[in-house]
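# Coordinates in review
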Amino acid sequence: MTLQTWVPVPEGSDFPIQNLPYGVFTPRHGGGPRVGVAIGEQVLDLSAIWAGTPLGADLATGSLNRFLRRGPGEWAYVRERVTNLLSTEEQRPLVEANLHRLDQVTLHLPVEVADYVDFYASEQHATNLGRIFRPDGEALLPNWKHLPVGYHGRAGTVVVSGTGIRRPSGQRKAPGDAAPVFGPSVRLDIEAEMGFVVGAGSALGESVGVDDFADHVFGAVLLNDWSARDIQAWEYVPLGPFLGKSFATSISPWVVPLAALEAARVATPAQRPEPLPYLAEKQGWGLDLRMSVELNGQLVSRPPYAGMYWSPAQMLAHMTVNGASLRTGDLYGSGTVSGPAADQRGSLIELTWNGRDPITLADGSTRTFLEDGDTVTLRATAPGADGVRIGFGEVTGTIV
Ligand code: MN
């Protein structure tokens, strides 16, 4: 039987009762930030539902962190209780009194980000970038199929959807130039990714097993890893991405809990050579997410997440295998999601093949990289329980 809610949910909404993503909001008419769950075109104020309890206090704050720190048992309890409140008449007056229309609230960065790591888990993306940057060498470097390659990014510059993105300045040096120059990036790009939010931490010195993913990771967000390709190309050897990435990373305001993604689980593509035992999953955490990339409102790509070579559980196991601890609020990105087809690439450098094949927009203008005033919006949907479709909302940003 399909679970139903008495809250009106428009056909095609990202937020049916099978989803129930978490965010932090402030009502427009006043009051402080608090944790809520999206349902249809509304958000339920969870701090009001649990008012007067320790849980309610943990929900009456400006981030999900205090709730996340309570751990997977409490995440399951709250989800079950909210599902019950929205699907039965039991406490309908209380619930109705604490529903806010989404167009009457301000959404905030949902998580106080602790550490931020970005991976590189799409074979197609890694291969495309290898071909672009090393046309005479092997597209994939020797380590790529043995471990999820990643780097540490800048947690303090993770921003919520809608935040303006200031074009970064920095050093760049084209291959033919004699010396570097300084100035605004002229090759500003996006990376369409999913991000994973750690809820429950781990002890320093201990690793997290690949099958313990759901004991630590709470849920997933849309993530745009803004990238200045010219700054990146000059600075990244030999220590990896630095200022070409650290100026801003945007995430969606809604965190979709793993509990809502069970129906989206799929096996990762066949992994050959077989990964080392610490990366071998019993039941894969590949995810059948369909993403989209819009540039100034025009669909330019549909990256399929299901083709990602490494699963987020493998990324977590790798990230902690050396004993590095996890903290509540840690965020890690999947890496750019690119599929095999030309219209499935998750970055402009791939879509335009390093600027060689510009994109033509509806107004007749062309793009290789982003211009000031351009707006990029990422979305994703997934199969949910009961055969319904759930969505992640959007992450959007405009270059200012
Ligand atoms: Mn990235």
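Scroll up to find the structure this text is about.
A brief look at the structure comes next.

## A look at the environment of Asn65
Considering the arrangement of structural elements, one finds Asn65 in helix 3 (residues 65-68). The spatial distance from the C-alpha of Asn65 to the C-alpha of Val198 is 9.5 Å, given a sequence separation of 133 residues. Sequence-distant contacts of Asn65, defined by excluding residues within four places in its chain, comprise Val111, Glu112, Thr328 and Gly329.

## Looking at the packing of aromatic side chains
Scanning all chains against the criterion turns up 11 aromatic pairs. Considering the side-chain rings of Tyr22 and Phe218, the 5.3 Å spacing of their centres and the 75 degrees angle between planes classify their relative orientation as edge-to-face. Separated by 196 residues along the polypeptide, Tyr22 in strand 1 (residues 22-27) and Phe218 in strand 13 (residues 217-224) bring together distant segments of the chain. You'll find Tyr22 and Phe218 in the same group, each marked buried.

## Examining the nonpolar core
Met194, Leu261, Tyr305, Tyr332 and Phe392 are the most contacted members of the largest nonpolar core, which has 58 residues in total. Put simply, the parts of the chain that give this core at least two residues each are strand 6 (116-119), strand 12 (192-198), strand 13, strand 19 (290-295), helix 9 (312-320), helix 10 (348-351), strand 24 (375-383) and strand 25 (389-398). Broken down by element, the residue count for this core peaks at five residues, all from helix 9. Counting residues in each nonpolar core, the second largest holds 38 residues, with Val7, Ile17, Leu68 and Val82 among its members.

## Focus on the sheet that holds strand 19
Reading across the sheet, the four strands line up as 20-19-24-25 and stay open at both edges, with antiparallel pairing between neighbours. Each edge of the open sheet is held by one strand with a lone partner, namely strand 20 (298-301) and strand 25. Ignoring which end each strand starts from, the neighbouring axes of this sheet average 30 degrees apart.

## Comments concerning the pattern of salt bridges
All chains considered together, the criterion is met by 24 salt bridges. Where Arg92 meets Glu89, a salt bridge forms, and the shortest distance between an N and an O atom there is 3.2 Å. For Arg92, a relative accessible area of 25% translates into the label partly exposed. Residue class for Glu89 comes out exposed when judged on its relative accessible area of 51%.

About the thresholds
- Residues numbered from 1 in each chain as written.
- Predicted model: local features only at pLDDT ≥ 70, side-chain atom pairs only at ≥ 80, totals over all residues.
- Heavy atoms only, no water.
- Helix = DSSP H or I, 4+ residues; strand = E, 2+ residues; numbered from the N terminus.
- Contact = heavy atoms within 4.5 Å.
- Phe/Tyr/Trp six-rings, centres within 6.5 Å; stacked < 30°, edge-to-face > 60°.
- Buried < 20%, exposed > 50% of the residue type's maximum accessible area, 1.4 Å probe, protein only.
- Core = buried A, V, L, I, M, F, W, Y, C linked by side-chain atoms within 4.5 Å.
- Pairing = 2+ DSSP bridges.
- Axes fitted to C-alpha atoms, helices over the stretch in contact; angles between N-to-C directions.
- Salt bridge = Lys/Arg side-chain N within 4 Å of Asp/Glu carboxyl O.

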